Amino acid sequence: MTLQELNSKYSIGDLGNIPGDGNLRYQIFSPILKNLYENKIVYYEHFMCVAILQDIIITPELFSATAIPYIKIDRLDSHFKFYPTAPWTFGAKWSHMRLQNDHFGGYGSWLFWPDKEVVKNVEEKAKRGDFEGAWKLTLFKNQ
């Protein structure tokens, strides 16, 4: 099932409340996370990048992965200049992982977009230096 189909079938409470039904979220989120495009996501947490995931753990209890920074997506108008140079690990128990329209988020401040077309388009724009376009496909999509 696609993210759009999940949003149509389930309520915002089913997908977005924290805590939520961990078993339901495991059942509906894990197939998406097991089928990532080249194990890539668009990741945001005070910085944005295309990241490659490895050491992905998907159990009935939680999702966890190591993110390797692949393509930095600059934001010229931001005072945040941090960008990781080493891999990091992120994840959440299913009850604390939520779907917000086209991206996942946890209880913390991280967000990620797993959709193949979003990842491919953001990657293409970032490689061309169109960082504003990449941001508009993700965090600033509806602005």
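Before reading further, recall that the structure is shown in the block above.
Given the structure is predicted, the values throughout are model-derived calculations rather than measurements. (Residues numbered from 1 in each chain as written. Predicted model: local features only at pLDDT ≥ 70, side-chain atom pairs only at ≥ 80, totals over all residues. Heavy atoms only, no water.)

A. Focus on the environment of Lys-120. Along the chain, Lys-120 turns up in helix 4 (residues 116-127). Linking Lys-120 and Lys-40, residues 80 residues apart in sequence, is a C-alpha distance of 9.0 Å. (Helix = DSSP H or I, 4+ residues; strand = E, 2+ residues; numbered from the N terminus.)

B. Quick peek at helix 4. With 12 residues, helix 4 should cover 16 Å at 1.5 Å per step; its first-to-last C-alpha distance of 16 Å lies within 8% of that length. When we look at burial in helix 4, the residues that qualify are Val-118, Val-119, Val-122, Glu-123 and Ala-126. Relative to the axis of helix 4, the buried residues are bounded by an arc of 125° and lie together on one face. Considering only its buried residues, helix 4 is in contact with strand 1 (40-44), strand 2 (48-58), strand 3 (62-73), strand 7 (111-113) and helix 5 (131-136). For helix 4, the capping residue at the N-terminal end is Asp-115, with a side-chain oxygen 3.1 Å from the backbone nitrogen of Glu-117. Of the residues trailing helix 4, Gly-129 is marked for its positive phi of about 85°. (Expected span 1.5 Å × (residues − 1). Buried < 20%, exposed > 50% of the residue type's maximum accessible area, 1.4 Å probe, protein only. Arc of directions from axis to C-beta. Contact = heavy atoms within 4.5 Å. Polar contact = N/O pair within 3.5 Å; in protein donor to acceptor, adjacent residues only side chain to side chain.)

C. A look at the environment of Ile-73. With respect to the helices and strands, the residue Ile-73 is situated in strand 3. When its relative accessible area of 3% is taken as the criterion, Ile-73 is described as buried. C-alpha separation for the pair Ile-73 and Asp-130, spaced 57 residues apart in sequence, amounts to 8.7 Å. In contact with Ile-73, other than residues within four places in its own chain, are Met-48, Cys-49, Val-50, Val-122, Ala-126, Phe-131, Ala-134 and Trp-135.

D. Summary view of the sheet that holds strand 5 (residues 98-100). With respect to topology, 7 strands assemble into an open sheet ordered 4-3-2-1-7-6-5, the strand pairing being antiparallel. Edge positions in the open sheet fall to strand 4 (88-93) and strand 5, since each of these has one partner strand only. With direction set aside, neighbouring strand axes in the sheet form an average angle of 40°. With 9 bridges joining them, strand 2 and strand 3 adopt antiparallel strand pairing. Within strand 3, the position partnered with Met-48 by the bridge is Ile-73. Its contacts with the sheet put helix 4 on strand 1, strand 2, strand 3 and strand 7, and the angle it makes with strand 3 is roughly 25°. (Pairing = 2+ DSSP bridges. Axes fitted to C-alpha atoms, helices over the stretch in contact; angles between N-to-C directions.)

E. Looking closely at the side chain of His-103. By secondary structure assignment, the location of His-103 is in strand 6 (residues 103-105). Its relative accessible area of 13% is what places His-103 among the buried residues. For His-103, the side chain forms a polar contact with the side chain of Asp-102, separated by 2.9 Å. Residues within four places of His-103 in sequence aside, it is in contact with Arg-98, Leu-111, Phe-112 and Trp-113.

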